[in-house]
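Summary of structural features
Chain by chain, the residues:
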Amino acid sequence: MFDFLEGYDVLGAFWMTVKLTALSAVGSLIWGTLLAGMRVSPVPLMRGFATVYVNIVRNIPLTVIILFSSLGLADVFGMTLGAEDFKVQGFRLAVLGLIAYTAAFVCEAIRSGINTVPLGQAEAARAIGLSFSQTLTLIVLPQAFRSVIGPLANVLIALTKNTTVAAAIGVAEAAYLMKSMIENEAQTLLIGAVFAFGFVVLTLPTGLILGWFSKRLAVKR
Amino acid sequence: MSSVLYDTPGPRAKRRNVIFSVVFFVLLALLVWWMWQKMDEKDQLTSALWKPFIESQAWTTYLLPGLANTLKAAALAMVIALPLGAVFGIARLSDHRWVRGAAGTVVEFFRSIPVLLLMLFANELYANSTGVSSEDRPLYAVVTGLVLYNASVLAEVVRAGILSLPRGQTEAAYAIGLRKGQTMSSILLPQAVTAMLPAIVSQLVVIVKDTALGGVMIGFTELLNSRGTLAANYANVVPSFIVVAAMFILLNFILTSFASWLERRLRRSKRSTGAVLAAEEIEEINPGAVFGGFGTGAEGGGRI
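Since we're looking at a predicted model, the values are computed, not measured. (Residues numbered from 1 in each chain as written. Chains lettered and ligands numbered in written order. Predicted model: local features only at pLDDT ≥ 70, side-chain atom pairs only at ≥ 80, totals over all residues. Heavy atoms only, no water.)

Quick word on the overall build of chain B
Heads up, the rule is: Elements are defined by DSSP. Helices are runs of H or I of four residues or more, strands are runs of E of two residues or more, and each kind is numbered from the N terminus. Type-normalised accessible area, obtained with a 1.4 Å probe on protein chains alone, sets the label of each residue: buried when under 20%, exposed when over 50%, and partly exposed for intermediate values. Only heavy atoms matter for contacts: two residues are in contact if any of them lie within 4.5 Å across the pair.
Scanning chain B for helices and strands turns up eleven helices and zero strands. Taken from N to C terminus, the helices and strands of chain B fall in the order α-α-α-α-α-α-α-α-α-α-α. In chain B, buried positions account for 47% of the 304 residues. By sequence separation, contacts in chain B at least 24 residues apart represent 72% of the contacts at least 6 residues apart.

Structural data, given as structure tokens:
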């Protein structure tokens, strides 16, 4: 029944999806945290920059961003990100686009977490003489992170699904393989089921495990 | 001006803030200057590349028809997904275990699959086993993908809306002798819809953004796709991207502003006893796990 799978590297395609997800997740967590730090900082210019970034990037379709990274950044501006191979270049550009897009949502999630930290905590931190960056990194962010694991898990799951957009610039991940498979093979339904199952397997445990963690780690108030 | 994280700045903090502002401004200016330089280097600033956008032809031939298709697909998807989502949202609250379970499975299944896969699949299915003409097929496929995904997201929104109503509403409805169906249709649903309106409008942003997928992957001639044709004609890849991105930003900004205006208005008018749900709040209310078990609504993406 599943003999149509022969000749296709389905596992390899999903491995590509996982790699895209993992790298973009790490990158967007770093960039998103920096943005969140800027968004709550006392310097108006930094606040303004982060706000503008988040509001602009959130409203552009990810497809536009990914396609621009390939047709604009790479083709017009010659940004190859140190890749000689066309495939490697596509992969790196896709990760770049995914980071730029996802960081905006990570920033919003973390900012909502910062708002859950009681005012007294920051007041106490200031009272013992901590500076803004000390208050943020020692007192507020550690608590904020623990309360935003749930929302961040949502972002991670959305990111996993969003990696399929990389197919638009020829990255050989799951959606890309599915497109060529359903065009060449007759078993449309079965192929659809296989790939749907793959994504359920990728996203469902993420949600359950991180959901469990977010309950365990949430600061009880 | 003070916030959770810092006091109203004193003289030293003011000085420090000024220094930070200046440093950050310089960095930002350098970045902008570098980007400008790069644009100039690759001749992206020449007026010939930008001129099409101040003439009417580029708009009437490419951009506006593309925008119209984007809006058409988004509107169709919304109009179909909303009743479907309402049905599934209500089904997930059913007293019968099998209805609850079945609706929950369907909703969670379609929420965990990328929209792009749904579109690709629908496109192929229509090509193989239906008589949909090849002109209409991309639109059908895009709308199908968007409907399946967004109906399941809206099902959660509807459920959150109904759950946000005070329990006394149902109790009072039963007390005056209404049946279950009557309670739902004449008491709970109207109030829930009011509470959900801002969240529903915000979901439109997601739908509008997702139409772009159809443009690239299955040849639906929406805004992003039309950009390709336009750029092929005028050889202005980068300017066309900038203009199209700006159009998307403007469109979605209008939708977001409308949603928050609606939210403020609904909060003020107090016609319903329930809370008004903003898009961001859905995630927190949503108990979401499969079959209503554990988890904190960590499944499926919200507004992303």
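Structure shown, so let's carry the discussion forward.
Some details on the pattern of salt bridges
This is how it is decided: The term salt bridge refers to a pairing of a side-chain nitrogen on Lys or Arg with a carboxyl oxygen on Asp or Glu at a separation within 4 Å.
With the rule as written, the count across this model stands at 13 salt bridges over all chains. Three or more residues joined by partner-sharing salt bridges are found here, namely Arg92(B), Glu108(B), Arg111(B), Glu156(B) and Arg159(B).

Concerning the nonpolar core
Under the convention used in this document: We call a set of buried Ala, Val, Leu, Ile, Met, Phe, Trp, Tyr and Cys residues a nonpolar core when their side-chain atoms join them within 4.5 Å.
By size, the foremost hydrophobic cluster in this structure holds 129 residues, and its most contacted members are Leu20(A), Ile114(A), Val171(A), Phe195(A), Leu5(B) and Leu63(B). Looking at this core element by element, the count peaks at 15 residues for helix 4 (residues 86-116) of chain A. Setting aside its immediate chain neighbours within four residues, Phe195(A) contacts Val10(A), Phe14(A), Ala174(A), Leu177(A), Met178(A), Met181(A) and Leu117(B).

Some words on the packing of helix 7 (residues 149-162) of chain A against helix 9 (residues 188-217) of chain A
All names here are of chain A. Inclusion rule: Simply put, an axis is a line fit to the C-alpha atoms, just over the touching stretch for a helix, and the angle between two N-to-C directions goes from 0 to 180 degrees. The cut-offs work like this: below 35 degrees is roughly parallel, past 145 is roughly antiparallel, 65 to 115 is roughly perpendicular, and the gaps in between are oblique.
The geometry of helix 7 relative to helix 9 is characterised by a closest axis approach of 9 Å and an angle of 170° between their N-to-C directions. Relative to helix 9, the element helix 7 lies roughly antiparallel. The segment helix 7 lies against helix 9, with Ile149, Gly150, Ala153, Leu156, Ile157, Thr160 and Lys161 engaging Phe199, Leu202, Thr203, Thr206, Gly207, Leu210, Ser214 and Leu217.

Overview of the side chain of Thr70(B)
Residues and elements named next belong to chain B. Among the secondary structure elements, Thr70 is positioned in helix 3 (residues 56-91). With relative accessibility at 0%, the residue Thr70 sits in the buried group. Sequence-distant contacts of Thr70, defined by excluding residues within four places in its chain, comprise Val208, Thr211, Glu222, Leu223 and Phe248.

Quick word on the environment of Ala74(A)
All names here are of chain A. Positionally, Ala74 belongs in helix 3 (residues 62-76). Sequence separation between Ala74 and Leu93 is 19 residues; the distance between their C-alpha atoms is 8.1 Å. Filtering out sequence-adjacent residues up to four positions away, Ala74 remains in contact with Ser69, Met79, Gln89 and Leu93.

A look at the interface of chain B and chain A
Interface size, as often reported, equals the accessible area lost upon joining of the parts. Quick note on the threshold: By the criterion applied in these results, polar contacts are pairs of N or O atoms within 3.5 Å in which, for protein atoms, one can donate a hydrogen and the other can accept it, and in which residues neighboring in sequence qualify only through two side-chain atoms. Residues are grouped as follows: nonpolar covers Ala, Val, Leu, Ile, Met, Phe, Trp, Tyr, Cys and Pro; charged covers Asp, Glu, Lys and Arg; every other residue, Gly included, is treated as polar.
Listed as interface residues are 59 residues of chain B and, on the opposing side, 65 residues of chain A. On the surface where chain B and chain A come into contact, there are zero salt bridges. Here chain B and chain A share seven residue pairs in polar contact (both at pLDDT 80 or more) between them. Elements with a contribution of two residues or more to the side of chain B that touches chain A: helix 1 (11-41), helix 4 (97-111), helix 5 (115-129), helix 8 (180-217), helix 9 (223-234), helix 10 (237-269) and helix 11 (279-285) of chain B. For the side of chain B that touches chain A, the element with the most residues is helix 10 of chain B, which contributes nine residues. Within the side of chain B that touches chain A, the residues separate by chemical class into 35 nonpolar, 13 polar and eleven charged.

Points about the packing of aromatic side chains
What counts here: Under the pairing criterion, centres of Phe, Tyr and Trp rings, with the six-membered ring standing for Trp, must be within 6.5 Å; the plane angle then separates stacked pairs below 30 degrees from edge-to-face pairs above 60, leaving the rest tilted. In this analysis the charged atom, NZ for Lys or CZ for Arg, is taken to sit over a ring once it is within 6 Å of the ring centre and within 35 degrees of the ring normal.
This model, assessed by the stated rule, comprises 13 aromatic pairs over all chains. Consider the rings of Phe258(B) and Trp261(B), whose centres lie 6.0 Å apart with planes at 20°: the pair is stacked. You can see Phe258(B) and its partner Trp261(B) sitting in helix 10, three residues apart, about one turn around the helix. By relative accessible area, which is 41% here, Trp261(B) ends up partly exposed. An aromatic cluster is built from Trp31(A), Phe49(A), Tyr53(A) and Phe24(B), whose rings are joined through pairwise contacts. Directly above the ring of Phe91(A) sits Lys19(A), whose terminal nitrogen or CZ lies 5.7 Å from the centroid.

Thoughts on the packing of helix 7 (residues 167-175) of chain B against helix 8 of chain B
Residues and elements named next belong to chain B. The criterion, for reference: Here is the rule for handedness: rotate from the far helix to the near one, and if that takes an anticlockwise turn smaller than a right angle the crossing is left-handed, while a clockwise turn gives right-handed.
The contact between helix 7 and helix 8 brings their axes to 10 Å, and the two run at 140°. With respect to each other, helix 7 and helix 8 are oriented oblique. Helix 8 is crossed by helix 7, and the crossing has right-handed handedness. Along its contact with helix 7, which presents Gln169, Thr170, Ala173 and Tyr174, the element helix 8 presents Lys180, Thr183, Ile187, Leu188 and Gln191. Across the contact of helix 7 with helix 8, the residue classes break down as four nonpolar, four polar and one charged.

Re the confidence of the model for chain A
To be explicit about the condition: A residue's pLDDT is simply how confident the predictor is in it, with values from 0 to 100.
Per-chain confidence: chain A averages 89 in pLDDT, with 99% of residues scoring 70 or above. Averaged over each element, pLDDT in chain A is lowest for helix 5 (residues 119-127) of chain A (83) and highest for helix 1 (residues 10-39) of chain A (94).

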